[in-house]
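Fold and geometry: a report
Listed below, chain by chain, are the residues.
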Amino acid sequence: MPPLSAGRKYSNSPYLLLALLALGAKARAAESSPLPAASAPRGVETPPLAEGRPLLTLQPAAAKPGDPVVVAVRGMAELPSGTLGGRPLRFFPWGEGFMAITGLPVELGAGTAAVKVLGPAAPGAAPVELTGTLSVLEPGYPERELKVSGKYVEPPPGVKARMAADRRAFAAAFAQPFAAPLFGQNFAWPRQDRITAPYGDRRTFNGKLSSQHFGVDIDGDPGTPVTAANDGTVVMTRDNYSAGKTVIVHHGAGLYTTYFHLSRITVKKGTRVKQGQRLGLVGSTGRVTGPHLHWGVKADDLWVDGEVLLRLDFFPSAAPGVASGSTELGAP
Ligand SMILES: [Zn+2]
């Protein structure tokens, strides 16, 4: 695995922003404009934005199933509505426009996902529809055959009630009211070490496909610190049967990060934490074979790839890059 790079702000993210201009209510700008190649130069020169013209940007410009996706809109006078791949988007005011954070369901096939955003360009004006197409890449998640003793496949009957209580606790933690983002910078690694299992690994236990890995496993010696990936509020501190000692941080905007298998939890539920603040210590609590941090990310009720979250730029300093090769840009 490539070395981790904690603390990078990704202001020079290789992820190209795809921008699409609305050409009136009937515009279907994206359908004829191919996505720029991933190797397109960084910092694409962008023509100045026409005043008041709605603009839609997607991050990343092409995504795999299981990736988080940021949909940003500028030039709309009121909170827009919209969908990605048919799933409703929850917009909130952000910078000079609006943003929604969602993800691509991990079971989605490769192809495309349609983005539609509807809102008025001026107060009281008729809504304008912005449309785009997100390329959905083949994820190529590896399959791992694990041969383990029966106790790891089937929980003992006595723990079923405990697991049901765990599920209820997770559901309550993830049921926070939708709120504006609580974070003031891009996300960072919760600890800097080797990745022992990426997001998306498909696991077969004793020849039977049984689960997919919905987090990033990060190596660590027991007792080394685990820190908050970004600012937020602690909404779970609990010892769960499978996840072990667990901290969940709510970041607003439908985003949560989860920290499993800790040996010790050093924050209290309800505490506001800052990025880099210690949440606990690496351990091997729960159903694991050795000490590590399982770091999970939930966006819009979907478990998504934390490595991709780290590359998203929520604070672009300049106007978003406009897709090069788009023929519509010059048209009035
Ligand atoms: Zn894991």
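Note that this is a predicted model, so its numbers are computed, not measured.

1. Some points on the coordination of the zinc ion
- Around the zinc ion, the protein contributes the donor atoms H213 (NE2), D217 (OD) and H294 (ND1), which lie 1.9 to 2.1 Å from the metal centre.
- Positions of the donor residues of the zinc ion along the chain correspond to the pattern H-x3-D-x76-H. In this pair, H213 is assigned in the loop between β14 (208-212) and β15 (216-219) and H294 in strand β23 (residues 292-299), connecting sequence segments 81 residues apart.
- Using a relative accessible area of 5% as the deciding quantity, one classes H213 as buried.
- For H294, a relative accessible area of 10% corresponds to the buried category.

2. What about the layout of surface pockets?
- Taken as a whole, the largest pocket spans an internal volume of roughly 1,300 Å³.
- Lining the largest pocket are 34 residues, with R203, S211, S242, H261 and R287 positioned closest to its centre.
- Elements supplying a minimum of two residues to the lining of the largest pocket: β11 (143-146), α1 (150-153), α2 (160-173), β12 (195-197), β13 (202-205), β14, β19 (255-262) and β23.
- By residue class, the composition of the lining of the largest pocket is 15 nonpolar, 12 polar and 7 charged.

3. Side note on the packing of aromatic side chains
- For the structure on display, the rule yields 15 aromatic pairs.
- A ring pair is formed by W189 and W295, whose centres lie 5.9 Å apart and whose planes are at 50°; its orientation type is tilted. In this pair, W189 is assigned in the loop between α2 and β12 and W295 in strand β23, connecting sequence segments 106 residues apart.
- Judged by relative accessible area, W189 falls into the buried class, the value being 8%.

4. Here's the deal with the side chain of D217
- Within the secondary structure layout, D217 lies in strand β15.
- At a separation of 3.2 Å, a polar atom in the side chain of D217 contacts the side chain of H294.
- Residues within four places of D217 in sequence aside, it is in contact with R194, I195, T196, A197, R203, H292, L293 and H294.

5. Description of the pairing of β19
- In terms of burial, β19 is a largely internal element, 8 of the 8 residues being buried.
- Connecting the antiparallel pair strand β18 (residues 244-252) and β19 is a turn made up of 2 residues, with A253 showing a positive phi of about 60°.
- Pairing of β19 with β23, which is carried by 6 bridges, proceeds in the antiparallel orientation. Residue pairing across strands places L255 opposite A299, the latter belonging to β23.

6. Some remarks on the nonpolar core
- Among the nonpolar cores identified, the biggest contains 37 residues, and I101, L255, Y259, W295 and F314 are the most heavily contacted of them.
- Among the secondary structure elements, those contributing two or more residues to this core are β8 (97-103), β15, β18, β19, β23 and β24 (302-304).
- For this core, the element with the highest residue contribution is β23, accounting for 4 residues.
- Composition of this core by domain shows at least three residues from each of domain 1 (14-37 + 140-309) and domain 2 (55-138 + 317-330).
- Not counting chain neighbours up to four residues away, the residues in contact with L255 comprise I101, F183, F187, V249, H250, V297, K298, A299, L309 and F314.

7. Here's the deal with the pattern of salt bridges
- Applying the stated rule across the entire model yields 11 salt bridges.
- A salt bridge links E96 to R74, with the shortest nitrogen-to-oxygen separation between them at 3.2 Å. Pair noted here: E96 is in the loop between β7 (92-94) and β8 and R74 is in strand β4 (residues 68-74), with a separation of 22 residues, a long-range link.
- Across the pair R203 and D217 runs a salt bridge, and its minimum N-O distance is 3.9 Å. Note that R203 is positioned in strand β13 and D217 in strand β15, a separation of 14 residues in sequence. Here R203 matches D217 in class, with each residue buried.
- A network of salt bridges, in which partner residues are shared, links K64, D67 and D305.

What counts and what doesn't
Residues numbered from 1 in each chain as written. Predicted model: local features only at pLDDT ≥ 70, side-chain atom pairs only at ≥ 80, totals over all residues. Heavy atoms only, no water. Donors = N, O, S within 2.8 Å, 3.2 Å for Na, K, Ca; no water. Helix = DSSP H or I, 4+ residues; strand = E, 2+ residues; numbered from the N terminus. Buried < 20%, exposed > 50% of the residue type's maximum accessible area, 1.4 Å probe, protein only. 1 Å grid on protein atoms, 1.4 Å probe; cavity = no way out; pocket = protein on both sides within 12 Å on 5 of 7 lines; lining within 4 Å. Points joined across faces, edges and corners; volume = space filled by probe spheres on them. Nonpolar A, V, L, I, M, F, W, Y, C, P; charged D, E, K, R; others polar. Phe/Tyr/Trp six-rings, centres within 6.5 Å; stacked < 30°, edge-to-face > 60°. Polar contact = N/O pair within 3.5 Å; in protein donor to acceptor, adjacent residues only side chain to side chain. Contact = heavy atoms within 4.5 Å. Pairing = 2+ DSSP bridges. Core = buried A, V, L, I, M, F, W, Y, C linked by side-chain atoms within 4.5 Å. Domains from an automatic or database assignment. Salt bridge = Lys/Arg side-chain N within 4 Å of Asp/Glu carboxyl O.

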